[in-house]
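# Architecture and fold: a report
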Amino acid sequence: MTKLIERFFDDQQTMQKSLLANTEYQLEKAIQQRSEATLMVSGGSTPKPLYQSLSNTNVAWNKVTVAMVDERWVAEDSEASNERFIRLNLLRNRARNSRLVKMKLPKEQATLAEEVVNRQYQAIKAPYDVTILGMGNDGHTASLFPDAQGIEEALTSKERLCSAINAKASDVTGEFTERMTLTLNAISNSRLIKLLITGQDKLNTYKKAIAGQDIFEMPIRAVLQQSQTPVIVYWAP
Ligand SMILES: O=C(O)[C@H](O)[C@@H](O)[C@H](O)[C@H](O)COP(=O)(O)O
């Protein structure tokens with residue numbers, strides 16, 4: 001069982017403040033100790049305020065590699081693109097000098113890009129310093145969706161860092177079922193994982209996740225159950 005640290009707050013503002021301070025500290029510590037830092041970033045609405053505030057901090061951003069945790073297989077200028085979201089919210093202000101490792105390549109299908117994306121991710125220094133994750137009420141994290149095509153390999157491969165995923169269409173995926181995602185193997189190879197969730201529904205989902213075992217039913221369980229890396233769960237109503 002991994003070290004699960006639950007940091008539950010009274011409101012989102014206090015949560016974001018603490019999250020910002022801790023993330024900034026982790027990046028600065030990494031730069032001090034190893035002259036560089038790696039920040040793995042998810043899409044989703046919950047980390048948006050964190051990214052916006054982080055972009056204004058005094059971290060030595062030219063020493064930071066930012067890499068995508070997951071991506072929808074859409075054009076880079078699409079509103080559904082996580083890369084676009086990261087460029088608009090994080091890679092600006094002082095953080096505009098950081099290096100971005102993207103997942104979306106000009107290939108028609110995610111599966112056709114898997115090999116090259118894996119090679120590019122192999123060049124990122126690991127363990128990653130901070131990995132930011134979200135969670136959906138279907139139990140997905142990153143783009144590790146229950147019942148998706150490719151999920152078994154993404155949760156069990158010991159070599160792969162990134163996997164192409166074809167999710168079952170649902171309210172959560174919308175029309176964006178074709179994805180690229182970090183594998184569990186890559187996510188676990190972090191110094192610290194931060195899971196960001198808000199609202200009562202997500203709290204209920206989280207409680208259901210920690211109460212059960214089946215990682216294919218709720219892929220977030222695989223992150224909560226791994227024993228390699230501490231996970232800090234940030235929650236606010
Ligand atoms: O591309 C994405 O959408 C994400 O990387 C995904 O895994 C997200 O983190 C969760 O769906 C939670 O999203 P919210 O923070 O918007 O609830």
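Here the residue numbering is sequential within each chain, running from 1 through the sequence in written order. Since the coordinates come from a predicted model, pLDDT governs what is reported: local features require at least 70, and pairs of side-chain atoms require 80 or more to be given and counted, while whole-chain, interface and lining totals use all residues.

As annotated in an unreviewed UniProt entry, the protein carries the name 6-phosphogluconolactonase and is attributed to Aliikangiella coralliicola. The record in UniProt for the protein states the following under Catalytic activity (unreviewed entry): "6-phospho-D-glucono-1,5-lactone + H2O = 6-phospho-D-gluconate + H(+)". According to the UniProt record, the Pathway (unreviewed entry) comment for the protein is "Carbohydrate degradation; pentose phosphate pathway; D-ribulose 5-phosphate from D-glucose 6-phosphate (oxidative stage): step 2/3." UniProt positions are given in the numbering used here, feature names are shortened, and annotations may be inferred rather than shown by experiment.

This part covers the site of the ligand. Lining the immediate surroundings of the ligand are 14 residues, of which Ser 42, Gly 43, Gly 44, Thr 46 and Gly 134 lie closest. Three classes are used: nonpolar for Ala, Val, Leu, Ile, Met, Phe, Trp, Tyr, Cys and Pro, charged for Asp, Glu, Lys and Arg, and polar for all others, with Gly counted as polar. Residue classes in the shell around the ligand are distributed as three nonpolar, ten polar and one charged. Note on definitions: a residue is near a molecule or strand provided its C-beta atom, placed from the backbone, lies within 6 Å of it.

Glancing now at the environment of Leu 161. Each helix is a run of H or I in the DSSP string that is no shorter than four residues. Each strand is a run of E no shorter than two, and both are numbered from the N terminus. As for its position among the elements, Leu 161 is in the loop between helix H5 (151-156) and strand S7 (162-166). Each C-alpha atom of the pair Leu 161 and Ala 209 lies 24 Å from the other, and the pair is 48 residues apart in sequence. The contact rule is simple: place each C-beta atom from the backbone, and if two of them lie within 7 Å, those residues are in contact. Residues in contact with Leu 161, not counting those within four places in the same chain, are Asn 118, Tyr 121, Gln 122, Leu 182, Thr 183, Asn 185 and Ala 186.

On to the nonpolar core. Structurally, a nonpolar core is described as a collection of buried Ala, Val, Leu, Ile, Met, Phe, Trp, Tyr and Cys residues joined by way of C-beta atoms within 7 Å. Field definition: a residue is buried when 20 or more other C-beta atoms are found within 10 Å of its C-beta, exposed when 12 or fewer are, and partly exposed for counts in between, with C-beta atoms placed from the backbone. One finds Val 41, Leu 195 and Val 223 to be the most contacted residues of the largest nonpolar core, which totals 65 residues. With near-sequence residues (within four places) excluded, Leu 195 lies in contact with Leu 133, Met 135, Val 231, Val 233 and Tyr 234.

Okay, the UniProt feature "domain: Glucosamine/galactosamine-6-phosphate isomerase" (unreviewed entry) in the protein next. Here the UniProt feature "domain: Glucosamine/galactosamine-6-phosphate isomerase" (unreviewed entry) sits at residues 11-227. Segment residues 11-227 splits into 37% helix and 17% strand. End C-alpha atoms: 30 Å apart.

It is worth spelling out the environment of Val 69 at this point. With respect to the element layout, Val 69 can be found in the loop between strand S3 (64-68) and strand S4 (70-72). We classify Val 69 as buried; it has 29 C-beta atoms within 10 Å. Put simply, Val 69 and Leu 133 are 64 residues apart on the chain and 7.8 Å apart in space, counted from C-alpha to C-alpha. Once you skip the residues sitting within four places of it in the chain, Val 69 turns out to touch Met 40, Val 41, Ser 42, Thr 131, Ile 132, Leu 133, Ala 142 and Leu 182.

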